[in-house]
Amino acid sequence: MSNEYNLLVVDWDFFFPNPSYGASHDETALLYDWAHSESEFLIDMIWHIRAEGFLRYGLPLPMCQGYEGFWNRFNFGDNPAPLLYGDSNVHSGLLVPSSFGFDASAWSKVSLWDAHHDCGYKGTLEQWKAQGYMECDSWMLKHHELGSQLEVIYPPWRTKIDGIETGPLIPVPRRIDDGTNPDTTYHAIYVCRSGAWVPSWCDRQFEDFLASYGGPGAEAPGNKWTQPRPDPMPDARRAVEARKSYDAKLTELGHNDLL
């Protein structure tokens, strides 16, 4: 085998249509207006507040879509490619071929299937180099520095490439998934759960997605998470009932103008 190896990175939010990133807009779009940060509070604890909004409007919780059969689109060679998984995509920037036992210093290609490009969103490439570290939104720059060919494939629900997020700090081919199968052979996989972007009520779907791969899988070294995360629905339902009781009390007291 040649010393050219390719890495496939799949962000779970690829399968979570979000109106603020190109899914169809309607009056419920503001329910997806979530601040994002990879803090333990947002990843594990805040989803009952977000679930409450959907319950109050009598709407079903949004779920991940289109992940069934995803792995069948890819060529992994004669043997199943090793797969690592974790909550943050920052782990992807730390993965090189030797992480999987391959004799090469850099990936030939890194393919990112994601709702975001992760090629840096602020400042310049020079400023990124000067800061001396990478984050979940800039890890692709590390592979750029190592000389890897990069590409970004956006989900089909994201209706356009530009005008949604700040452009990348480097030139990188980006396209919207058109359903065709890649002709690249991939030798390793990293799957990111994106717990600040994808709701905790989708965690069982995430487990199904990992299990459907059928090859060797392991948690990424240094990963910090709870999987599945706490069920947000009991707290969400209690909050909705408390709000109903509060509104009923205001109505009883004749304070309808406060509702």
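The shown structure was predicted, so the numbers you read here are calculated from the model rather than taken from an experiment.

K.L.:
How do you make sense of the packing of aromatic side chains when you look at a structure like this?
P.N.:
The description of two aromatic rings rests on the distance between their centres and on the angle between their planes. What the rule picks out here adds up to 27 aromatic pairs. With a centroid separation of 6.2 Å and 85° between ring planes, the pair formed by Tyr67 and Phe209 is classed as edge-to-face. Linking Tyr67 in the loop between α2 (47-56) and β2 (83-86) with Phe209 in helix α6 (residues 203-213), this pair joins segments that are 142 residues apart in sequence. Pair check on accessibility: Tyr67 and Phe209 agree, each one buried. Its end group placed over the ring of Trp47, Arg50 keeps NZ or CZ at 4.4 Å from the ring centre. Lying over the aromatic face of Tyr154, Arg158 brings its terminal NZ or CZ to 3.7 Å of the ring centre.

K.L.:
Would you take a moment to explain the environment of Arg158 for this structure?
P.N.:
On the secondary structure map, Arg158 appears in the loop between β4 (149-154) and β5 (174-176). Looking at Arg158, the relative accessible area reads 0%, which means it is buried. A sequence separation of 139 residues divides Arg158 from Pro19, and the C-alpha atoms of the two residues are 8.7 Å apart. Polar side-chain contacts of Arg158 include one of 3.2 Å to the backbone oxygen of Lys160. Separated by 2.8 Å, the side chains of Arg158 and Glu165 make a polar contact.

K.L.:
Just to check I follow, could you spell out the pairing of strand β3 (residues 109-113) for this structure?
P.N.:
Looking along a regular strand, one sees side chains alternate from face to face of the sheet. Within β3, 5 of the 5 residues are buried, which leaves it mostly tucked inside the rest of the structure. The two faces of β3 match: Lys109, Ser111 and Trp113 on one face and Val110 and Leu112 on the other face are all buried.

K.L.:
In this structure, what is going on with the sheet that holds β2? I would like to understand it.
P.N.:
Two pairing modes exist for strands in a sheet, parallel and antiparallel, and in both the strands are linked by backbone hydrogen bonds. Read across the open sheet, the 7 strands follow the order β5-β4-β3-β1-β6-β2-β7; overall the sheet is parallel. Two strands lie at the open edges of the sheet, namely β5 and β7 (217-219), each paired on one side alone. Each strand axis lies, on average, 20° off the axis of its neighbour in the sheet, ignoring direction. Across the sheet, α6 lies against β1 (6-11), β2 and β6 (188-192), angled at about 170° from β6, the strand it touches most.

K.L.:
What am I meant to see in the pattern of salt bridges here?
P.N.:
Pairing between side chains of opposite charge can happen when the charged atoms of each approach one another. Counted by the stated rule, this structure contains 12 salt bridges. Between Asp177 and Arg73 there is a salt bridge whose closest N-O contact spans 2.8 Å. Of this pair, Asp177 sits in the loop between β5 and β6 while Arg73 sits in the loop between α2 and β2, and the two are 104 residues apart along the sequence. Across the pair, Arg73 and Asp177 agree in class, each one buried. A cluster of three or more residues bridged by salt bridges with shared partners is formed by Asp87, Arg193, Asp203 and Arg229.

K.L.:
Whenever I open this one, the pairing of β2 confuses me. Can you help?
P.N.:
Inspection of the sheet shows β2 paired to β6 by 4 bridges, in the parallel sense. Residue pairing across strands places Leu84 opposite Tyr190, the latter belonging to β6. In this structure, β2 lies alongside β7, joined through 3 bridges in parallel fashion. Looking at β7, one finds that Leu83 is bridged to Gly217.

Thresholds, definitions, all that
Residue positions are given per chain, counting from 1 as you read along its sequence in written order. Only residues with pLDDT of 70 or above have their local features reported here, since the model is predicted, and side-chain atom pairs are shown and tallied only from 80 upward, although totals for entire chains, interfaces and linings are computed over all residues. Only hydrogens and water are removed before side-chain values are computed, so all heavy atoms of the structure are retained for them. Ring geometry is summarised as follows: Phe, Tyr and Trp rings, the Trp one being its six-membered ring, pair when their centres sit within 6.5 Å, and such pairs are stacked at plane angles under 30 degrees, edge-to-face over 60 and tilted between the two. Helix numbers and strand numbers start at the N terminus; a helix is a DSSP run of H or I with at least 4 residues, a strand a run of E with at least 2. With a 1.4 Å probe rolled over the protein chains alone, any residue whose accessible area is under 20% of its type maximum counts as buried; one over 50% counts as exposed, and the rest are partly exposed. Any Lys NZ or Arg CZ found within 6 Å of a ring centre and within 35 degrees of that ring's normal is scored as a charge over the ring. Within 3.5 Å is the distance limit for a polar contact, defined as a pair of N or O atoms, with the added protein rule that one can donate a hydrogen and the other accept it, and that residues adjacent in sequence qualify only through two side-chain atoms. What makes two strands pair is DSSP finding at least two bridges between them. All axes are obtained by fitting lines to C-alpha atoms, using only the stretch in contact for helices, and the reported angles, taken between N-to-C directions, cover 0 to 180 degrees. Whether two residues are in contact is decided by their heavy atoms, any of which lying within 4.5 Å being enough. Take a side-chain nitrogen of Lys or Arg and a carboxyl oxygen of Asp or Glu: if they are within 4 Å of each other, that pair is a salt bridge.

The quantities given are spatial measurements derived from coordinates; they are silent on function.
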